[in-house]
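# A structural walkthrough
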Amino acid sequence: MADDVLPILMPNIEGNGEDSSSDSEREREGDDTGDGHEDEQQQQEQQQQEGEDNERKKKKKEKDKKKKKDKRNMNFDQSLPASHTYLGSDHEEYSGRTVLDDESFVNLPLLTLPSVVLIPGQTLPLQLFQPQTISMMRHVIQKDRTFGLVTSRYLDTSGATLANIGTTAEIFSVKEEDEHGIETMRIKAMGRQRFLILETRRQADGIIIGKVRILPEWEMPSGLEGAELRCHRLSNVPETTSAMEVAACGGPAGDRQPVARSRNLKNRYRAADWTWFPPWVYRQYDCDVLMELVKRELYSWNDTLQGSIMPTNPSDFSFWVAASLPLDDGLRLHLLSINSAVQRLRCELSIMQKCTIMCCRDCGSQIAEKKDVFSMSVAGPMAAYVNPGGYVHETLTVYQVTGIMHHGRPSIEHSWFPGYAWTVAECRQCRHHLGWKFTPAKKKLKPEKFWGLCRASLLPGLRSDGGDSEETGWMPTM
C-alpha cells in the first residue's frame, strides 16, 4: 500500500509537480504585491509630506495675516510722537515762514550734528546745553529764526568733516529753562531749503558761519510739451480716479487718497508719435506715474501706510519719501544734491526696488526686512528724536527684528512714545548699539511690542541683478 502511494506523493515531495509551479506563481504575485505596497507607501509618504508643507504654508499665511491684522488694530495715538511731547509743554510758538531766494548767496550760522541729515519738511527736535549754541539760537530767533544744519562725518583720525550739502532749519517752537544755574533750550525746527556750502569761518565764540548758495528746486516741463498740439492739451484734462482705480495701485481703497490722473492715458502720450521716442520713454519722466510707482513700493514695505499723510506735491512727496527711507548718509546727501523732483523720484524708486533688508552698519548682520517696517507716527515710519543728553537719533520703527540682544531693564523715562517703556537693543554679533525695544507700560496698548532702530546704525541691503544681497559700487538710477 505504501509502495502504491509513494509514486503519487513523490512529485510533490521533489517539487516537480503542478503545485510547485503554482507556488512560484504565488511568489511572483507576492513580489508584485510587495512592490505595489512599497509604491503605495511611498505615495502615502509623499502625500503626507505635501500635507505637512501645505499645513506649514497655511500656518505661515495665518501668522502673516494675524501680524497684518495686529498692525491695523493699533490703538496708539500716532500724533503723540510727532508732537514730541517728551520735550515738555508751555513752549513759545512762532508762526510765519522765511523763504530764501533760489540761487541766492547768504551767510548762515551752522549747527553740525553727527549722522543727522535733515530733509526739507522733516521736524528736528533739539536739546541744547552749550552756552555758545544757546546764544547763537537767541540771535537766530531775534533775526529770522533760520539756521543751517550740516551733518559731520569722521572719515579718518584727523577729526570731523562737514558735508558740503545742508538744509536750512526754521525754528517754530522754543522753551528755555534754568535749573541750578544750568541753562537749557528745547527747540523744534522744520527743514526748509537745501543749500551748498561755499566757504566757512569760525567766530571767536566757536560758532561756524557758512557762506552758502540756496539750491533751486527745478520743475521740469513735460518732454512732449514741444510736440503737443492744442487738441492734445485740451484732451489731457485731469480727473479724479475712483476708489477702485486707486485701490488697483496697491492696498485697500479706503486708505488711499484720490489722485489726479489723465482721462485717457493714450491721449496723454499721443504726441509721442511726432517724436523719435516711443511713449514709454516719456512715461519714465512723468511725475504722476513716478509717484504712483513709488507709492506701490511704499505699500509693499508698509501695507498699513495711510495715503492721507503723504504730500500731493511731487517735490514735497519726494522729500517725504527721502525722510522715510532707512538710507545711509551717502545716499541721503545724494538725494539732497538733486535739484529736480522727477530725478529724485526716479532715484528713490531705484533704491526701493534694490533694497530688501536692513543690516548692522558695523558687521553687516541682517537686522530686519523691509516688510517689517511700519509707521508709529503720523510723520511716517522714520522720524528724528532727541534724548536727554542732546543726541538726535533718526529712528525707524519695525515690528520684528533678528540678531538683536537687549541690555538693561525697561524704562519709561523720557520715552519718545508715551505709554511705552524702552530697553537698549544691541547687535548680537558685534554688540553695536542699534536702537531700542519698546513694550507697553499700560495695559491693552497696541502694538504689544516694536523696535526703534537708529538710521545711523543701519545699512540698506541692496540686491544686485545677480541675486546677491549686496552690491558694491552701485548708484541709483536718475
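Thresholds, definitions, all that
- Residues numbered from 1 in each chain as written.
- Predicted model: local features only at pLDDT ≥ 70, side-chain atom pairs only at ≥ 80, totals over all residues.
- Heavy atoms only, no water.
- Salt bridge = Lys/Arg side-chain N within 4 Å of Asp/Glu carboxyl O.
- Helix = DSSP H or I, 4+ residues; strand = E, 2+ residues; numbered from the N terminus.
- Buried < 20%, exposed > 50% of the residue type's maximum accessible area, 1.4 Å probe, protein only.
- Phe/Tyr/Trp six-rings, centres within 6.5 Å; stacked < 30°, edge-to-face > 60°.
- Lys NZ or Arg CZ within 6 Å of the ring centre and 35° of its normal.
- Polar contact = N/O pair within 3.5 Å; in protein donor to acceptor, adjacent residues only side chain to side chain.
- Contact = heavy atoms within 4.5 Å.
- Pairing = 2+ DSSP bridges.
- Axes fitted to C-alpha atoms, helices over the stretch in contact; angles between N-to-C directions.
- Core = buried A, V, L, I, M, F, W, Y, C linked by side-chain atoms within 4.5 Å.

### Section: the pattern of salt bridges
- Taken as a whole and judged by the stated rule, the model has 14 salt bridges.
- Note that R186 and E177 form a salt bridge whose closest N and O atoms lie 3.9 Å from each other.
- Salt-bridge contacts for D329 lead to R455; the nearest nitrogen and oxygen are separated by 2.9 Å. Here D329 is found in helix α11 (residues 329-336), whereas its partner R455 is found in the loop between β18 (450-454) and β19 (458-462), with 126 residues between them in sequence. Just as D329 is buried, R455 falls in that class too.
- One salt-bridge network, held together by shared partners, links D329, R332, E394 and R455.

### Re the packing of aromatic side chains
- All told, the structure shown has 12 aromatic pairs when counted by the stated rule.
- Following the ring pairs from residue to residue traces out a cluster consisting of F76, F374, Y385, Y399, W416, F417, Y420, W436, F438 and F450.
- One cation-aromatic arrangement involves K295 over F317; the distance from NZ or CZ to the ring centre is 5.8 Å.
- Of note, R346 hangs over the ring of Y285, and the distance from its end group to the ring centre comes to 4.5 Å.

### Some words on the side chain of S104
- Inspection of the secondary structure assignment puts S104 in the loop between β1 (92-93) and β2 (105-114).
- Only 2.5 Å separates the side chain of S104 from the backbone oxygen of D101, close enough to count as a polar contact.
- What S104 contacts, discounting residues up to four positions off in sequence, is V212, R213 and I214.

### Some remarks on the sheet that holds strand β17 (residues 433-440)
- Pairing is antiparallel across the open sheet formed by six strands, whose spatial order is β13-β14-β18-β17-β16-β15. Lying at the two open borders of the sheet, with one neighbouring strand each, are β13 (382-386) and β15 (404-411). In this sheet, adjacent strand axes meet at a mean angle of 35° when their direction is disregarded.
- Looking at chain direction, β15 and strand β16 (residues 420-427) are connected through five bridges and run antiparallel. Within β16, the position partnered with H406 by the bridge is A425.

### Quick word on the nonpolar core
- In terms of nonpolar packing, the biggest core is built from 59 residues, with L298, F317 and L453 touching the most fellow members.
- When sequence neighbours within four positions are dropped, the list of residues in contact with L453 reads I367, A368, E394, T395, L396, V398, V401, I404, L434, G435 and L458.
- Ranked by size, the runner-up nonpolar core spans 42 residues in total, among them L87, L128, V392 and L445.

### What to know about the pairing of β17
- Pairing geometry for β16 and β17, over seven bridges, is antiparallel. Residue pairing across strands places T423 opposite K437, the latter belonging to β17.
- Between β16 and β17, which pair antiparallel one after the other, the connecting turn spans five residues, and R431 there sits at a positive phi close to 65°.
- With four bridges connecting them, β17 and β18 associate as antiparallel partners. The residue bridging K437 from the neighbouring strand is W451, located in β18.

### What to know about unusual backbone geometry
- With an omega of 5°, the peptide bond between K446 and P447 qualifies as cis.
- Phi is positive for S115, which is not a glycine, with a value near 60°.
- With respect to the helices and strands, the residue S115 is situated in the loop between β2 and β3 (123-128).
- Note on S115: relative accessible area 24%, which makes it partly exposed.
- Positive phi, close to 60°, is recorded for K444, a residue that is not glycine.
- Position of K444 relative to the elements: it lies in the loop between β17 and β18.
- On the basis of relative accessible area, K444 is assigned to the exposed category, the value being 78%.

Limitation: the analysis is restricted to geometry and does not speak to function.
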